[in-house]
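These are the residues of each chain, in order.
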Amino acid sequence: QVQLVESGGGLVQAGGSLRLSCVVSGSIFRPNAMGWYRQAPGKQRELVAGITGGSSTNYADSVKGRFTISRDNAKNTVYLQMNSLKPEDTAVYYCNAFYPNLGGYWGQGTQVTVSS
């Protein structure tokens, strides 16, 4: 059973930084694509940043230049470094892992709250 466990969320003032981590376990296979999504109250879940097995990355326009996604395959962990946080970044952040032979899996989410 594949499991994803996120950590690192919290309350931060505008302009501050947080680093989210997501540890993947339960499969002998390495995830292909991994990503961070977020969902604010009353809004749809949206892709924030993605990273492929070859470490190619993509970002939502709203976070480009402020957020950085990275992965450590030896630790089965994906990170999201968030700098220059804004109140509009407030949301529950979810980690996603995709396996070509198993499908996609989600973590339970971690709350990020940015105060103005």
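Small disclaimer: the values here were computed from a predicted structure and weren't measured. (Residues numbered from 1 in each chain as written. Predicted model: local features only at pLDDT ≥ 70, side-chain atom pairs only at ≥ 80, totals over all residues. Heavy atoms only, no water.)

**Quick look at the overall build of the protein**
So, step 1. Looking only at helices and strands, one finds 0 helices and 11 strands in the protein.
So, step 2. Written out in order from the N terminus, the α and β elements of the protein read β-β-β-β-β-β-β-β-β-β-β.
So, step 3. Taken over 116 residues, the protein has a buried fraction of 39%.
So, step 4. Sequence-distant contacts, at least 24 apart, represent 53% of the contacts inside the protein between residues at least 6 apart. (Helix = DSSP H or I, 4+ residues; strand = E, 2+ residues; numbered from the N terminus. Buried < 20%, exposed > 50% of the residue type's maximum accessible area, 1.4 Å probe, protein only. Contact = heavy atoms within 4.5 Å.)

**Thoughts on the nonpolar core**
One broad trend across soluble globular proteins is that nonpolar side chains are buried collectively.
So, step 1. Of all hydrophobic cores here, the largest spans 28 residues; its most connected members are Trp36, Phe67, Val78, Leu80, Met82 and Tyr93.
So, step 2. Elements that contribute at least two residues to this core include exactly strand 3 (18-25), strand 4 (34-39), strand 5 (46-51), strand 7 (67-72), strand 8 (77-82), strand 9 (91-99) and strand 11 (110-115).
So, step 3. For this core, the leading source of residues is strand 9, giving 5 residues. (Core = buried A, V, L, I, M, F, W, Y, C linked by side-chain atoms within 4.5 Å.)

**Considerations on the environment of Gly26**
So, step 1. Tracing the sequence through the fold places Gly26 in the loop between strand 3 and strand 4.
So, step 2. A C-alpha to C-alpha distance of 4.3 Å links Gly26 and Val2, two positions 24 residues apart in sequence.

**Things to note about the sheet that holds strand 3**
So, step 1. Strand order in the open sheet formed by 4 strands is 1-3-8-7, and the pairing between neighbours is antiparallel. Edge strands, defined here as strands with exactly one partner in the open sheet, are strand 1 (3-7) and strand 7. Within the sheet, the average angular offset between the axes of one strand and its neighbour, ignoring direction, is 15°.
So, step 2. Here strand 3 runs beside strand 8; their pairing, made up of 6 bridges, is antiparallel. Counted as the bridge partner of Val23 is Thr77 from strand 8. (Pairing = 2+ DSSP bridges. Axes fitted to C-alpha atoms, helices over the stretch in contact; angles between N-to-C directions.)

**Observations regarding the state of the cysteines**
So, step 1. Applying the stated rule across the entire model yields 1 disulfide.
So, step 2. A disulfide bridge connects Cys22 with Cys95, and the sulfur atoms are separated by 2.2 Å. Given an S-S torsion of about -85°, the disulfide between Cys22 and Cys95 has left-handed geometry. On the criterion of sequence distance, the pair formed by Cys22 in strand 3 and Cys95 in strand 9 is long-range, its members being 73 residues apart. (Disulfide = S-S within 2.5 Å.)

**A look at the pattern of salt bridges**
So, step 1. Applying the stated criterion to the full structure yields 4 salt bridges.
So, step 2. The shortest N-O distance in the salt bridge between Arg38 and Glu46 comes to 2.7 Å.
So, step 3. Judged by relative accessible area, Arg38 falls into the buried class, the value being 6%.
So, step 4. Note on Glu46: relative accessible area 35%, which makes it partly exposed.
So, step 5. Salt-bridge contacts for Asp61 lead to Lys64; the nearest nitrogen and oxygen are separated by 3.1 Å.
So, step 6. Using a relative accessible area of 65% as the deciding quantity, one classes Asp61 as exposed.
So, step 7. Each of Arg38, Glu46, Arg66 and Asp89 takes part in one network of salt bridges that share partners. (Salt bridge = Lys/Arg side-chain N within 4 Å of Asp/Glu carboxyl O.)

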